[in-house]
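# Fold and geometry: a report
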Amino acid sequence: MAEENFFEKVYAIARQIPYGKVTSYGAIAKALGTARSARMVGWAMNACHNMDDVPAHRVVNRKGLLTGKHHFDGTNLMQQLLENEGIKVVNNQIVDFDKHFWQPEIGL
């Protein structure tokens, strides 16, 4: 099934996000050569909440907003996980987003 294959490619990139860094749904989509599929990347992140090896908390929207936070158990788990990695979050937004942003390689 094509969707499962796409999700696995998304997870492969998410697993590469370094500790203390974040990337965006769109950056992952662009790296996969499917720049218009940021929403599908979001669905993949939502579907991986039982996969401990996929750091979904490190994937945010293009402005640094924690748009996926309601998919984590507990109200502030996504923020807590990021803050544990040294990333400051205020009002659901990453402070110094550009400093923490990790750009995946295109064509992975």
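For the structure itself, consult the block above.
Residues numbered from 1 in each chain as written. Predicted model: local features only at pLDDT ≥ 70, side-chain atom pairs only at ≥ 80, totals over all residues. Heavy atoms only, no water.

Right, let's get into helix 4 (residues 77–84). Restricting attention to buried positions, one finds in helix 4 the residues Met78, Gln79 and Leu82. One side of helix 4 carries all its buried residues, which in axial view fall inside an arc of 95 degrees. Residues of helix 4 that are buried in the fold lie against strand 2 (59–60), strand 3 (89–90) and strand 4 (93–94). Of the residues flanking the end of helix 4, it is Gly86, one or two places downstream, whose phi is positive at about 90 degrees. (Buried < 20%, exposed > 50% of the residue type's maximum accessible area, 1.4 Å probe, protein only. Helix = DSSP H or I, 4+ residues; strand = E, 2+ residues; numbered from the N terminus. Arc of directions from axis to C-beta. Contact = heavy atoms within 4.5 Å.)

Nonpolar side chains in soluble globular proteins generally cluster together in the buried interior. Counting 30 residues, the largest nonpolar core has Val10, Tyr11, Met45, Leu82 and Ile94 as its most contacted members. Of all elements in the fold, only helix 1 (2–14), helix 2 (25–31), helix 3 (38–47), strand 2 and helix 4 reach the threshold of two or more residues within this core. Per-element tally for this core: the top contributor is helix 1, with six residues. (Core = buried A, V, L, I, M, F, W, Y, C linked by side-chain atoms within 4.5 Å.)

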